[in-house]
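# Fold and contact review
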Amino acid sequence: MDKIDAQILNLLQKGLPLCETPYREIANQIGTDEQDVLTRIKILKDKGTIRRISGFFNPRSLGYTSTLCAVNAPQKSVESVSQVINEYLEVTHSYLRDNDQFNIWFTVIASGKEEMDRIIDEIERKIGFTVQNFPSRKFFKIKVNFEMEESK
Amino acid sequence: MIGETDKKIIRLLSDDLPLESEPFKGMAQKLGIDQKELLERIACLEQNGSLRRVGAALKHTNAGYCSNVMVVWNIDEKNAEHAGGFMADQREVSHCYQREHSEKWQYNLYTMIHGKSEQECETVIRKIADNIQHNGYKKLYTIKELKKTSAKYYSNT
């Protein structure tokens, strides 16, 4: 990755300038032109370095509720269990983790507590394993910026 | 209360923006408002805290951060505030939450740690462990990402 790519990624993670031509603004900040910025972003997207450029919201201030859940699925059931879980639009993240008590961890965002409970109950019924719900009590940090540097 | 237009903006803005000189233009057209109004509304959503940012999400494993671990900590209630603050201060910690725990799972603080190597993650974990009061912790390395998408807000509006 060269210096300009790293600069673009760092700026894009902080946030797009809220103006009609944000990429021109970014180009001005790093001393290149708009077309160069657009071309580089296209390549970074094609390579999979950038997942997407979009709005990121705070679920709670939109009246939504979110939680983290965990399941202990035997090795042979991991695939079928995760398939059921991942089908839900409300499930945004899901990971297989190295742990003997709980190996599948997923986050749920729902439009209220009742809806949340309904989804969790339904998943539990479908997969046949207990879903442990670990709702958050206090939030200390959320930061999604990965500092990028030029690499040789 | 969030108005209908703002709900539509939130829904549209959750999807990947078109990669073009004026990425907000099409959205404004869809909503039947001009770009200036759309941008003002987005800025308002940001000011009131509903919107964290309009920006890029990276696939961190492709961005050189290939080691990702969720570490769960068992912390006494009275020490949680200090411990959570210390964890949040670490650059490698992206998420830090205090959560409900259960009899069988006594861990109540959760941190997501990202490093360019497992060693980098381990160094941060040790630094946290040495600087807070805890009754044990567990490292849950990511074996596989099974799903990662954006939340679908107001999908029926």
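Reading the values: the criteria
- Residues numbered from 1 in each chain as written.
- Chains lettered and ligands numbered in written order.
- Predicted model: local features only at pLDDT ≥ 70, side-chain atom pairs only at ≥ 80, totals over all residues.
- Heavy atoms only, no water.
- Helix = DSSP H or I, 4+ residues; strand = E, 2+ residues; numbered from the N terminus.
- Buried < 20%, exposed > 50% of the residue type's maximum accessible area, 1.4 Å probe, protein only.
- Polar contact = N/O pair within 3.5 Å; in protein donor to acceptor, adjacent residues only side chain to side chain.
- Pairing = 2+ DSSP bridges.
- Axes fitted to C-alpha atoms, helices over the stretch in contact; angles between N-to-C directions.
- Core = buried A, V, L, I, M, F, W, Y, C linked by side-chain atoms within 4.5 Å.
- Contact = heavy atoms within 4.5 Å.
- Disulfide = S-S within 2.5 Å.
- Domains from an automatic or database assignment.
- Parallel < 35°, antiparallel > 145°, perpendicular 65-115°, else oblique.
- Nonpolar A, V, L, I, M, F, W, Y, C, P; charged D, E, K, R; others polar.
- Lys, Arg positive; Asp, Glu negative; His and termini not counted.
- Salt bridge = Lys/Arg side-chain N within 4 Å of Asp/Glu carboxyl O.
- Buried area = accessible area lost by both parts, 1.4 Å probe.

Note on placement: Arg53 of chain B falls in strand 1 (residues 51-58). Overall, Arg53 of chain B belongs to the buried group, its relative accessible area being 8%. Between the C-alpha atoms of Arg53 of chain B and Ile42 of chain B, which are 11 residues apart in sequence, the distance is 9.4 Å. Reaching out from Arg53 of chain B, the side chain makes a polar contact with the backbone oxygen of Gln13 of chain A at a distance of 2.4 Å. In this structure the side chain of Arg53 of chain B is engaged in a polar contact, spanning 3.2 Å, whose partner is the backbone oxygen of Ala56 of chain B.

The strand order across the open sheet built from 9 strands is 5(A)-2(A)-4(A)-3(A)-5(B)-2(B)-4(B)-3(B)-6(A), with neighbouring strands paired in antiparallel fashion. Two strands in the sheet have a free side with no partner beyond their single neighbour: strand 5 (131-134) and strand 6 (136-142) of chain A. Between one strand and the next, the sheet's axes are offset by a mean angle of 25°, whatever the strand orientation. Bridge analysis of strand 3 (residues 93-99) of chain B against strand 4 (residues 109-115) of chain B gives 5 bridges, and the strand direction is antiparallel. Residue pairing across strands places Gln98 of chain B opposite Leu109 of chain B, the latter belonging to strand 4 of chain B.

Let us now look at the nonpolar core. Residues Leu12 of chain A together with Leu13 of chain B are the most contacted members of the largest nonpolar core, which totals 46 residues. Breaking this core down by element, the ones donating at least two residues are helix 1 (3-14), helix 2 (22-30), helix 3 (34-46) and strand 1 (50-57) of chain A together with helix 1 (4-13), helix 2 (25-31), helix 3 (35-47) and strand 1 of chain B. The leading source of residues in this core is helix 1 of chain A, at 5 residues. Discounting chain neighbours no more than four positions away, the residues touching Leu12 of chain A are Tyr23, Ile26, Ile41, Ile50 and Ile53 of chain A together with Arg53, Gly55 and Ala56 of chain B.

Within helix 1 of chain B the residues assigned to the buried category are Asp6, Lys7, Ile9, Ile10, Leu12 and Leu13 of chain B. Contacts made by the buried residues of helix 1 of chain B are with strand 1 of chain A together with helix 2, helix 3 and strand 1 of chain B.

This paragraph deals with the state of the cysteines. All names here are of chain B. For the structure shown, the criterion picks out 0 disulfides over all chains. You can see Cys66 has no disulfide; the closest cysteine sulfur is in Cys121, sitting 8.6 Å from it. For Cys121, a relative accessible area of 0% gives the class buried.

Split into domains, chain A comes out as domain 1 (3-47) and domain 2 (59-134). Of note, the centres of domain 1 of chain A and domain 2 of chain A, computed from C-alpha atoms alone, are 36 Å apart.

Residues and elements named next belong to chain A. One way to put it is that helix 1 packs onto helix 3 with a least axis distance of 11 Å and a crossing angle of 85°. Judged by the inter-axis angle, helix 1 sits roughly perpendicular to helix 3. Along the contact surface, helix 1 presents Ile4, Asp5, Ile8, Leu9 and Leu12, while helix 3 presents Asp36, Val37, Arg40, Ile41 and Leu44. Grouping the amino acids of the contact of helix 1 with helix 3 by side-chain chemistry returns 7 nonpolar, no polar and 3 charged.

Our focus in this paragraph is the side chain of Arg99 of chain B. Mapped onto the fold, Arg99 of chain B is located in strand 3. No salt bridge is formed by the buried Arg99 of chain B; its nearest oppositely charged neighbour, Glu100 of chain B, is found at 9.3 Å. A polar side-chain atom of Arg99 of chain B sits 2.8 Å from the main-chain carbonyl oxygen of Phe134 of chain A. Residues within four places of Arg99 of chain B in sequence aside, it is in contact with Thr67, Leu68, Phe134, Pro135, Ser136 and Arg137 of chain A together with Asn108 and Tyr110 of chain B.

What follows deals with the domain arrangement of chain B. Segmentation of chain B into domains returns domain 1 (4-47) and domain 2 (67-141). Its C-alpha centre places domain 1 of chain B at a distance of 37 Å from the equivalent point of domain 2 of chain B.

In many reports, interface size means the accessible area that the parts give up when they come together. With 76 residues of chain B at the contact, the number on the chain A side is 72 residues. Ranking the residues of chain B by area buried against chain A places Leu19, Arg53 and Lys147 of chain B at the top, with a combined share of 10%. The shortest N-O distance in the salt bridge between Glu77 of chain B and Arg137 of chain A comes to 3.3 Å. Between chain B and chain A we count 46 residue pairs in polar contact (both at pLDDT 80 or more) in total. Elements supplying a minimum of two residues to the side of chain B that touches chain A: helix 1, helix 3, strand 1, helix 4 (77-88), strand 3, strand 4 and strand 5 (137-148) of chain B. Broken down by element, the residue count for the side of chain B that touches chain A peaks at 11 residues, all from strand 5 of chain B. Of the residues in the side of chain B that touches chain A, the class split is 33 nonpolar, 20 polar and 23 charged. For strand 1 of chain A and strand 1 of chain B, the ladder comprises 7 bridges, and the chain directions are antiparallel. In the sheet register, Phe56 of chain A faces strand 1 of chain B, and the bridge partner there is Arg53 of chain B.

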